[in-house]
Amino acid sequence: IAAAAGCIMTSMNDMTAPSVSLEGKNLWLLQVFPVSSWQVLMAKVKMHLILTLIPAGIMVISLEVVLQPSLVFAVLIPWAVASYILFMALFGLSMNLKMPNVTWTNEIVPIKQSMCVMITLFGSWALVMAMAGIYWITRKYLEPFTFLLLATAILLGGALILLRWIKKKGTKVFETL
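**Concerning the packing of helix H4 (residues 71-98) against helix H6 (residues 115-138)**
No. 1: Put simply, H4 and H6 touch, their axes get as near as 9 Å, and they point 150 degrees apart. Between H4 and H6, the angle falls in the class roughly antiparallel. Here H4 and H6 pass one another in a crossing that is right-handed. Between H4, through Tyr84, Phe87, Met88, Phe91, Gly92, Met95 and Asn96, and H6, the contact on the second element is made entirely by Cys116, Ile119, Thr120, Ser124, Trp125, Leu127 and Val128.
No. 2: Per-class residue counts for the contact of H4 with H6 are ten nonpolar, four polar and no charged.

**Details of unusual backbone geometry**
No. 1: Non-glycine residue Gln68 carries a positive phi angle of around 50 degrees.
No. 2: Its relative accessible area of 65% is what places Gln68 among the exposed residues.

**A closer look at empty space enclosed by the protein**
No. 1: Per the stated rule, a full pass over the model turns up two cavities of 30 Å³ or more.
No. 2: Approximately 40 Å³ is the volume found for the largest cavity.
No. 3: What lines the largest cavity is Ser11, Asn13, Asp14, His48, Met88, Ala89, Thr120 and Ser124.
No. 4: Taken together, the elements giving at least two residues each to the lining of the largest cavity come down to H4 and H6.
No. 5: In the lining of the largest cavity, the residues fall into two nonpolar, five polar and one charged.
No. 6: The calculated volume of the second largest cavity comes to roughly 30 Å³.
No. 7: Among the secondary structure elements, those contributing two or more residues to the lining of the second largest cavity are helix H3 (37-67) and H4.
No. 8: Ranked by the residues each element gives to the lining of the second largest cavity, the list is headed by H4, at three residues.
No. 9: Taken together, the residues that form the lining of the second largest cavity break down as three nonpolar, five polar and no charged.

**A closer look at the pattern of salt bridges**
No. 1: On inspection of all chains with the given rule, the structure shows one salt bridge.
No. 2: Residues Glu23 and Lys44 are paired through a salt bridge, measuring 2.8 Å at the closest nitrogen-oxygen approach. Remark: Lys44 occurs in helix H3 and Glu23 occurs in the loop between helix H1 (2-10) and helix H2 (27-32); sequence separation between them is 21 residues.
No. 3: For Glu23, a relative accessible area of 23% corresponds to the partly exposed category.

**Remarks on a positive patch on the surface**
No. 1: Where like charges cluster on the molecular surface, the positive patch consists of Lys98, Arg164, Lys168, Lys169 and Lys172.
No. 2: For the positive patch, the leading source of residues is helix H7 (residues 144-176), giving four residues.
No. 3: Checked against the element boundaries, Lys98 lands in helix H4.
No. 4: Assessed through its relative accessible area of 51%, Lys98 is described here as exposed.

**So, the environment of Gln113**
No. 1: Looking at the element boundaries, Gln113 is found in the loop between helix H5 (108-112) and H6.
No. 2: A relative accessible area of 58% means that Gln113 is categorised as exposed.

**A few points about the environment of Leu90**
No. 1: Inspection of the secondary structure assignment puts Leu90 in helix H4.
No. 2: Residues Leu90 and Thr16, spaced 74 residues apart in sequence, show a C-alpha to C-alpha distance of 7.5 Å.
No. 3: Sequence-distant contacts of Leu90, that is, excluding residues within four places in its chain, are made with Met42, Val45, Ala159, Leu162, Leu163 and Ile166.

**A word on a nonpolar patch on the surface**
No. 1: On the surface, a nonpolar cluster with roughly 480 Å² of combined accessible area is contributed by Trp28, Leu29, Val32, Phe33 and Val35.
No. 2: Here Val35 is to be found in the loop between H2 and H3.
No. 3: Judged by relative accessible area, which is 38%, Val35 ranks as partly exposed.

Reading guide: rules and limits
- Throughout, a residue's number is its position along its own chain's written sequence, starting from 1.
- Only residues with pLDDT of 70 or above have their local features reported here, since the model is predicted, and side-chain atom pairs are shown and tallied only from 80 upward, although totals for entire chains, interfaces and linings are computed over all residues.
- Here the side-chain values reflect all heavy atoms present in the structure, with hydrogen atoms and water set aside.
- Axes here refer to lines fitted to C-alpha atoms; in helices the fit is confined to the stretch in contact. Angles between the N-to-C directions go from 0 to 180 degrees.
- We count a stretch as a helix when DSSP gives it H or I for four or more residues in a row; a strand needs E for two or more, and each element gets its number in order from the N terminus.
- Note on angle classes: values under 35 degrees are labelled roughly parallel, values over 145 roughly antiparallel, values of 65 to 115 roughly perpendicular, and the remainder oblique.
- Definitions for this section: a left-handed crossing has its near helix turned counterclockwise from the far helix by less than a right angle. A right-handed crossing has that turn clockwise.
- Working rule for contacts: check all heavy atoms of both residues, and any pair within 4.5 Å makes them a contact.
- Each residue gets one label: Ala, Val, Leu, Ile, Met, Phe, Trp, Tyr, Cys and Pro are nonpolar, Asp, Glu, Lys and Arg are charged, and the others, such as Gly, are polar.
- Exposure is judged per residue with a 1.4 Å probe applied to protein chains only, and the accessible area is read against the type maximum: over 50% gives exposed, under 20% gives buried, and values in between give partly exposed.
- Cavity: a set of points on a 1 Å grid over the protein atoms alone where a 1.4 Å probe fits but cannot get out. Pocket: an open set with protein on both sides within 12 Å along at least five of seven lines, its lining residues, like those of a cavity, having an atom within 4 Å of a point.
- Grid points are joined across faces, edges and corners, and a volume is the space filled by probe spheres set on the points.
- The working definition used for a salt bridge is a side-chain nitrogen of Lys or Arg within 4 Å of a carboxyl oxygen of Asp or Glu.
- Residues forming no salt bridge and having over 30% relative accessible area are the ones grouped into patches, like charges within 9 Å of each other and nonpolar side chains (Val, Leu, Ile, Met, Phe, Trp, Tyr) within 5 Å.
- Accessible surface is estimated by sampling points in the Shrake-Rupley manner with a 1.4 Å probe; for residues, cover comes only from the protein chains shown.
- Neither His nor the chain ends is counted toward charge; the positive residues are Lys and Arg and the negative residues Asp and Glu.
- The atoms used to mark charge sites are NZ of Lys, CZ of Arg, CG of Asp and CD of Glu.

Here it is, written out as structure tokens:
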């Protein structure tokens, strides 16, 4: 429950989902800088991670002080939340690369009214709810530690798949915007 609460709280920060669209008509500036598209896209992911992992770390420490979990869970809960944050950062960026909106006239449009932000935000909630539902169904067969370890591994695997897509195809998409 603590890991799910941490994931739900951090899902409210979806900076990568509108990050490409926010460049708008000035997108060409990023494309002519003497850096690769990969570096530009990873800068967006790194900013998301910095601005989400630090508050999440404070939140997880607070959760662990209050709940006082066993050592195994005290180590695994931060890993699970960090894996979720990484996955959602890459998922948001990949959604924005697939559905960019660079023709907006007001900055609110790519932030509040874009399909990729909606998919990322509601998808992040659905992911946590699905994982909680799967745990509820399998709780008689899997120990909480095993389930949390598997969920963390699945999130990291998904993050690796998204990272590979962004490196191979996402950079090409970004270059052609």
